[in-house]
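Below are the chains, spelled out letter by letter.
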Protein chains: 2
Amino acid sequence: MPLEIPDVVIDRLPVYVRALASMERQGREVVNSQELGERLGVTPAQIRKDLSYFGRFGKQGRGYSVKRLLEELRQILGLTREWSMVLVGVGQLGRAIVSYAGFAPQGFRIEEVFDIDPSIVGTKVDELVVKSVDALPEVLRKRKVDIGIVAVPAETAQRVIDTLVANGVKAILNYAPIAAHAPPDVRIKDIDPVLALQSMTYYVKSQDARAK
Amino acid sequence: MPLEIPDVVIDRLPVYVRALASMERQGREVVNSQELGERLGVTPAQIRKDLSYFGRFGKQGRGYSVKRLLEELRQILGLTREWSMVLVGVGQLGRAIVSYAGFAPQGFRIEEVFDIDPSIVGTKVDELVVKSVDALPEVLRKRKVDIGIVAVPAETAQRVIDTLVANGVKAILNYAPIAAHAPPDVRIKDIDPVLALQSMTYYVKSQDARAK
């Protein structure tokens, strides 16, 4: 498989997977790039180009087999296996993340949770006992952890990320509002509502200006 | 200002704003695209190209004035004013969103919160009294609301979005795991940790394969 696939293409594949999974549940067997594009707000040309990085999925003029395309994309993204995660930071946000019902059905399991606050360490969140963040390196050495979720305040987030990285974690989901650093072989995705808001205001502002 | 600026460019501008604001706090006066790029994991060419959509900010070989570039980008994105928001869905996630300390300093204010559950309506979250979602249309007609935050379960999310849109809200921050629909003049940004995880697994999976 070529390694130089643009990140924006990889970012769109999970969106395709979600739409295709929904179609499969509805009993749909075939879909073309036109319909998939309309459903997702992406041009059909973009969908065809994205998929072309991974070989030919569709027959000319026949569209894609929903089942086959879904299976292939899941294989490509690594969604056919389970992924183990740890969460650091069990404040209000951390608790909401642990309770989030969307992870487990997709194969993402939070297996350990950590906090720095002695009054939280030892308490339970859902079925998990909160461990001290001091125990994080040891836990990471003992069990294979694929993904670290960082839900600590901005001031301590980079330190937590450094600890995760130093102990072999290669993917980090970062909720702290910082420009996080990591070596090139580590992936970081930021969940940052402020950045999302700040890119929408550009469009709302432009509409307001036109409406005057 | 040209209207055909790609969305991905607009999405990067808030990241530039954050980095420049941090530099300004550190007393930095000038920065070049090389340094800004290294800080953000973007190529210098990409930064120059992104900024070129909005005119010439830097002098050849001299770099950008941190203060001026920051001001211009804030103007472009509409970050020099306050934005009013309502939140629908006051479960664990909704509470974490209300408590999130990152919104207010950037001018984003949650002014009203709504829920469908009669046992929550009337209670307080921080300083806000939770209103019934039945009152949402009336509130939206009475006061100018720029942004709606949707933190309800997937089953009811599209209905909430429709209500927001029908009553004039032009920007929606959606936390529900659905492929949300809205008219073309409404912006929707999804905060979806599963999509973020699913695009990271591609890279981790590839590394695992190479390591074997």
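This text follows the structure it describes.
Below: a short report on this structure. The structure presented is a predicted model; accordingly, all values stated were derived computationally and were not measured.

### Comments concerning the pairing of strand 6 (residues 128–132) of chain A
All names here are of chain A.
Item 1. Here strand 4 (residues 108–115) runs beside strand 6; their pairing, made up of three bridges, is parallel. From the neighbouring strand, valine 113 faces strand 6, where its bridge partner is valine 130.
Item 2. Looking at chain direction, strand 5 (residues 124–125) and strand 6 are connected through two bridges and run antiparallel. The partner of lysine 124 across the bridge, within strand 6, is valine 129.

### Concerning the interface of chain B and chain A
Accessible area lost upon the coming together of the parts serves often as the stated size of an interface.
Item 1. At the junction of the two partners, chain B supplies 50 residues and chain A supplies 50 residues.
Item 2. A total of 14 residues in the side of chain B that touches chain A trace back to one element, the largest contributor, which is helix 8 (residues 193–211) of chain B.
Item 3. Looking at the side of chain B that touches chain A residue by residue, the class counts come to 31 nonpolar, nine polar and ten charged.

### Some remarks on the sheet that holds strand 6 (residues 128–132) of chain B
Hydrogen bonds along the backbone pair up the strands of a sheet, which may run parallel or antiparallel.
All names here are of chain B.
Item 1. Ordered by their spatial adjacency, seven strands build an open sheet running 5-6-4-3-7-8-9, and the pairing between neighbours is mixed. Each edge of the open sheet is held by one strand with a lone partner, namely strand 5 (124–125) and strand 9 (187–190).
Item 2. With respect to the sheet, helix 5 (residues 92–99) is in contact with strand 3 (83–88), strand 4 (108–115), strand 5, strand 6 and strand 7 (147–150), its orientation differing from that of strand 3 by roughly 160 degrees.

### Looking at the pairing of strand 3 of chain B
Residues and elements named next belong to chain B.
Item 1. In terms of burial, strand 3 is a largely internal element, five of the six residues being buried.
Item 2. Sheet topology note: the strand 3/strand 4 ladder contains six bridges and is parallel. From the neighbouring strand, valine 88 faces strand 4, where its bridge partner is phenylalanine 114.
Item 3. Once the chain exits strand 3 it traverses helix 5 before rejoining the sheet at strand 4, and the crossover so formed is right-handed.

Analysis parameters
Residues numbered from 1 in each chain as written. Chains lettered and ligands numbered in written order. Predicted model: local features only at pLDDT ≥ 70, side-chain atom pairs only at ≥ 80, totals over all residues. Pairing = 2+ DSSP bridges. Helix = DSSP H or I, 4+ residues; strand = E, 2+ residues; numbered from the N terminus. Contact = placed C-beta atoms within 7 Å. Nonpolar A, V, L, I, M, F, W, Y, C, P; charged D, E, K, R; others polar. Axes fitted to C-alpha atoms, helices over the stretch in contact; angles between N-to-C directions. Buried ≥ 20, exposed ≤ 12 C-beta atoms within 10 Å, placed from the backbone. Right-handed = clockwise from strand over helix to strand, strands pointing away.

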